[in-house]
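Coordinate analysis (summary)
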Amino acid sequence: KFWLKGSGSELVALSQASKPCVASALRIPRDMSIQFQSQNFQHILRMCNTNVDGRQKVMYALTAIKGIGRRFSNIICKKCDIDLDKRAGELTTDEINKVVAVISNPLQFKIPAWMLNRQRDIKDGKTSQKYANFLDQSLREDLERMKRVRLHRGLRHYWGIRVRGQHTKTTGRHRAHAK
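Residues numbered from 1 in each chain as written. Predicted model: local features only at pLDDT ≥ 70, side-chain atom pairs only at ≥ 80, totals over all residues. Heavy atoms only, no water.

**Focus on the packing of aromatic side chains**
Test applied: Here a Phe, Tyr or Trp ring, Trp counted by its six-membered ring, pairs with any other such ring whose centre lies within 6.5 Å, and the pair is stacked when the planes are under 30 degrees apart, edge-to-face when over 60, and tilted otherwise. Burial status follows relative accessibility: with a 1.4 Å probe on protein chains alone, a residue under 20% of its type maximum counts as buried, one over 50% as exposed, and anything between as partly exposed.
Summed over all chains, the structure comprises one aromatic pair. Where tyrosine 131 meets phenylalanine 134, the ring centres are 5.6 Å apart and the plane angle is 80°; that geometry is what we call edge-to-face. Tyrosine 131 gets classed as buried once you look at its relative accessible area, which sits at 12%.

This is how it looks when you write it as structure tokens:
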């Protein structure tokens with residue numbers, strides 16, 4: 001026997017394991033069910049000026065936003081009460097807005113300060129999470145400040161040589177451009 005179960009947006013094909021069915025003609029295992037995607041599925045989401053892949057699970061899809069890693073995206077999902085097995089394309093508009101709110105104000109949602117990537121900012125002394133183009137802007141401003149006050153790190157950035165204490169006597173001799 002072959003049954004179709006569900007509403008128009010989510011149809012599930014079920015089969016009995018002992019009898020042949022249409023699913024076996026499609027080379028799908030008999031015990032598995034076929035689930036069609038709902039009409040609300042988005043393949044690409046736009047969050048925080050970044051295209052997020054809707055086919056990935058939510059936790060890993062959020063890591064496409066620069067400045068958000070796996071640990072931070074995991075805690076974002078937990079604070080928003082989003083199932084970790086859910087795909088990013090299945091998120092509702094309310095859930096997306098909630099995720100953006102947590103990303104922009106993590107301290108209000110009781111995310112610890114030690115998890116944030118901008119602690120005690122040099123300009124205002126506040127702790128925050130920088131992401132996407134705000135992260136690029138703050139890094140650029142930091143480099144410009146280091147060059148302006150002629151810090152050792154700033155000078156080495158300006159000269160285009162290694163900054164973090166690596167050996168330079170024998171390595172990196174033919175590097176033509178600075179990253």
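Now that the structure has been shown, the text picks up again.
**A look at helix H5 (residues 132-148)**
Rules: Under the DSSP-based scheme used, a helix requires at least four consecutive residues in state H or I and a strand at least two consecutive residues in state E, with every element numbered from the N terminus. An expected span of 1.5 Å times one less than the residue number is assigned to each helix. In this description, contact between two residues means that some pair of their heavy atoms is separated by no more than 4.5 Å.
In this model, H5 (17 residues) spans 25 Å end to end at C-alpha, consistent with the 24 Å of a helix rising 1.5 Å per residue. Buried residues in H5 make contact with strand S5 (50-53) and helix H6 (152-159). Of the residues flanking the end of H5, it is arginine 150, one or two places downstream, whose phi is positive at about 60°.

**Examining helix H4 (residues 93-104)**
Threshold: The arc in question is the one traced by the directions running from the helix axis out to the C-beta atoms.
Taking 1.5 Å per residue as the helical rise, H4 with its twelve residues ought to reach 16 Å, and the 17 Å between its terminal C-alpha atoms agrees with that figure. Of all the residues in H4, the buried ones are Glu95, Ile96, Val99, Val102 and Ile103. With its buried residues spanning 125° around the axis, H4 presents them on a single face. Exposed residues lying more than 90 degrees from the buried face of H4 are Thr93 and Asp94.

**Notes on the pattern of salt bridges**
Inclusion rule: The salt bridge criterion pairs a side-chain nitrogen of Lys or Arg with a carboxyl oxygen of Asp or Glu, the two atoms within 4 Å.
Tallied over the entire structure, the rule returns seven salt bridges. Arginine 118 is paired through a salt bridge with aspartate 121; the nearest N and O atoms lie 2.7 Å apart. Relative accessible area serves as the criterion here: at 14%, arginine 118 is assigned to the buried category. For aspartate 121, a relative accessible area of 13% corresponds to the buried category. A single salt-bridge network, built from bridges that share partners, covers Arg118, Asp121 and Asp142.

**Regarding the pairing of S5**
Our working rule: In this description, strands pair whenever DSSP reports at least two bridges between them.
Every second residue of S5 is oriented toward a common face, the buried set being Thr50 and Val52 and the non-buried set Asn51 and Asp53. Note: strand S4 (residues 44-47) against S5, four bridges, orientation antiparallel. Directly across from leucine 45, in S5, lies its bridge partner valine 52. Here S4 folds back onto S5, and the loop between the two strands holds two residues, one of which, cysteine 48, carries a positive phi near 55°.

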